[in-house]
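These are the residues of each chain, in order.
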Amino acid sequence: MFDPSKVLLSQIIVDTLSSLGITADRERVYQSIEFCPQPELGQYAFKTFIVAKQAGMNPMEFGTKLCDALKQHNQISSVAQAGPYINLILFSGEIAPLLIDDGASGDVAVITPSVPHRYMIEHSQPNTHKEMHIGHTRNSVLGDTLCRLLKHNGYSVFAQNYHGDEGAHVAKCIWYIRTFNQSPAEGQDKGTWLGQMYVDSTAKIEGATPEEAEQYKAGISAVLKGIESREGPDYAYWKETRQWSLDMFHEVYDWLDVSFDSDCCESDVSEESISVVKEYLDKGVFIRSEGAVGADLSDKKLGFCMLLKSDGNGLYATKDIALALKRFREQNPDTCVYVVDNRQSHHFKQVFATLDKMGFPQANRCYHLAYEMVETKNGAMSSRKGNIVPILGLIDELEAQARGILEERYSADWSAEEIADVAKLISRSAVRYGMIKVDPESKIVFDMESWLTFEGNTGPYLQYVFARICSLQRKSSDDEINLSSEISWSALDKTSEQQLLAHLANFNEMVDVSCTKLKPNMFASYTYDLARKFNAFYAECPINSEPDASLRQARAALVRLTQIYLGTAMDLLAIPRIERM
Ligand code: ARG
């Protein structure tokens, strides 16, 4: 029960019921309170079904009886029956004080959870020696937003990255560079260049004659062996180039405002993964099948999870087993979330089932947060074909476009430097919000122009509303508002004021729901609605020009409260707060 206004209302209902001789469970009552779909009819709608059943009455009769009793209540400003529903409005003076404590520090306070919980969130995971493109940002934005929301919920969070830094793709890329004497141009970003080299290497291999193909295969396999031997020139070059990719990724993370507690690579676990398989083969948990070793998961209808090929080499799943064991050992999370696109669903089902078979109870607390792909307006992206824009280039394009928009609006008042700074913050918010507002299960079409606009469901729109709030405060001729002073909150009796207050009170509930369902998009739409409800209030109610001083003060206080809640919501979505726009 995270919404203090709904908690208050459920208490009022429970007490009223009790005065009628009916005992009701407060949690049940709380769960039966919704936002009234028609704001002019009420703030809240109480569904009488469940509680009526509990009281052994028919919902209509029960509703009438309860409605009459609630009319006597002095914390309720309006109550009306609508069939089995009761529509209610609480006096604004009842809701607002509940919000002040939470926002006393200028930010909405972090929740203290009733039961502590430790989350491990794995996200991002781009492969080194490959391009990073806009599609990759969906993963990090999802993972990082989830981390922020969980932390607000008071949980302990450990964010880990996991790069694919070995195997065939890496060998191909390095083989190509060394065989055909390629080198990056002066001043070119080396990580981006590596991605291009990988694309070129696949083109080279695909265009090979049969004799060349044989030759290339031998060359690539020699490079692979060289890297695996962990010594010699190929290994040294692998280490050097891998860092180029990691540096490029970190440049993107900085731009996106994404951070990790640890950066892990496949090569950190590959050695251990082989011995784990041998250990569990000896224990009789894994079996041999046609020369290979793996877990028989047919009882779970998941087939055979191959862990050692007949040549003795491990696979992607093998490393995932070792990675999970390392996490259970070192971090001991209560829940481990893997943010990975939905093409890997079967892989994770197999990995988790294998861990279960190995006797790790933590397997049941591993969760694959699968998300859909990102497409461009021209369709799907594929780094093998090289039909994608490398991420750093795209960031430049976004910022240039944002600068153009700002120059049109503000070139008379802002310096070029100011325009460039704000352009960066706007383009980040366009990407962060564009990627998070969509349900993980739905596709996203990346659309730079519409994501960058100040109107509609965009990150820049939220920034614009926040800046408008700051500007209202600057323009006020009254003293700065002190929320702990005497404020006549109950003067806020307009529908838009009541709606805004009820929405503010729902903040922590929405954080919690988004965490529990692993759907940060729900919090994004909460934030968008918050901005829209503020705009509705701003349109309906004069603020600085209101002649009645105590009403003016109450409205200014509501503006301040909105600033606190919207600002914290933006922090949780990593949308930079901009004070002037
Ligand atoms: N690097 C992998 C890829 O690009 C994703 C890694 C997902 N995480 C994992 N634990 N397997 O496909």
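Here the structure is a predicted model, which means the values were calculated and not measured. (Residues numbered from 1 in each chain as written. Predicted model: local features only at pLDDT ≥ 70, side-chain atom pairs only at ≥ 80, totals over all residues. Heavy atoms only, no water.)

Draft legend 1. Quick look at the overall build of the protein chain. Across its full length, the protein chain carries 21 helices and 14 strands. Here the C-alpha coordinates of the protein chain stretch approximately 90 × 65 × 35 Å along the principal axes. Looking at the protein chain residue by residue over its 581 residues, the buried ones come to 52%. Across the protein chain, 58 positive and 79 negative side-chain charges occur, with their mean positions spaced 4 Å apart. (Helix = DSSP H or I, 4+ residues; strand = E, 2+ residues; numbered from the N terminus. Buried < 20%, exposed > 50% of the residue type's maximum accessible area, 1.4 Å probe, protein only. Lys, Arg positive; Asp, Glu negative; His and termini not counted. Charge placed at Lys NZ, Arg CZ, Asp CG, Glu CD.)

Draft legend 2. Summary view of the side chain of D341. Mapped onto the secondary structure, D341 falls in strand β11 (residues 335-341). For D341, the side chain forms a polar contact with the main-chain nitrogen of R343, separated by 2.9 Å. The residues contacting D341, other than those within four sequence positions of it, are H368, Y371 and M373. (Polar contact = N/O pair within 3.5 Å; in protein donor to acceptor, adjacent residues only side chain to side chain. Contact = heavy atoms within 4.5 Å.)

Draft legend 3. Just the sheet that holds strand β1 (residues 33-35), in detail. Spatial ordering of the open sheet is given by β1-β2-β4-β3, a layout of four strands whose pairing is antiparallel. Only two strands of the sheet have a single neighbouring strand rather than two, namely β1 and β3 (76-82). Pairwise comparison of adjacent strand axes, ignoring direction, gives a mean angle of 30 degrees for this sheet. By the bridge criterion, six bridges tie β3 to strand β4 (residues 85-90) in an arrangement that is antiparallel. (Pairing = 2+ DSSP bridges. Axes fitted to C-alpha atoms, helices over the stretch in contact; angles between N-to-C directions.)

Draft legend 4. The arrangement of the pairing of strand β2 (residues 44-47) in detail. Of the strand pairs in this sheet, β1 and β2 are connected by three bridges, and their pairing is antiparallel. Bridging from a neighbouring strand, F35 pairs with Y44 of β2. For β2 and β4, the ladder comprises four bridges, and the chain directions are antiparallel. If you follow K47 over to β4, its bridge partner there is Y85.

Draft legend 5. Structural context of unusual backbone geometry. The backbone of H129 shows a phi angle near 60 degrees, a positive value even though the residue is not glycine. As for its position among the elements, H129 is in the loop between β5 (118-122) and α6 (134-152). Backbone geometry places A574, a non-glycine residue, at a positive phi of 55 degrees. By secondary structure assignment, the location of A574 is in the segment after α21 (549-572).

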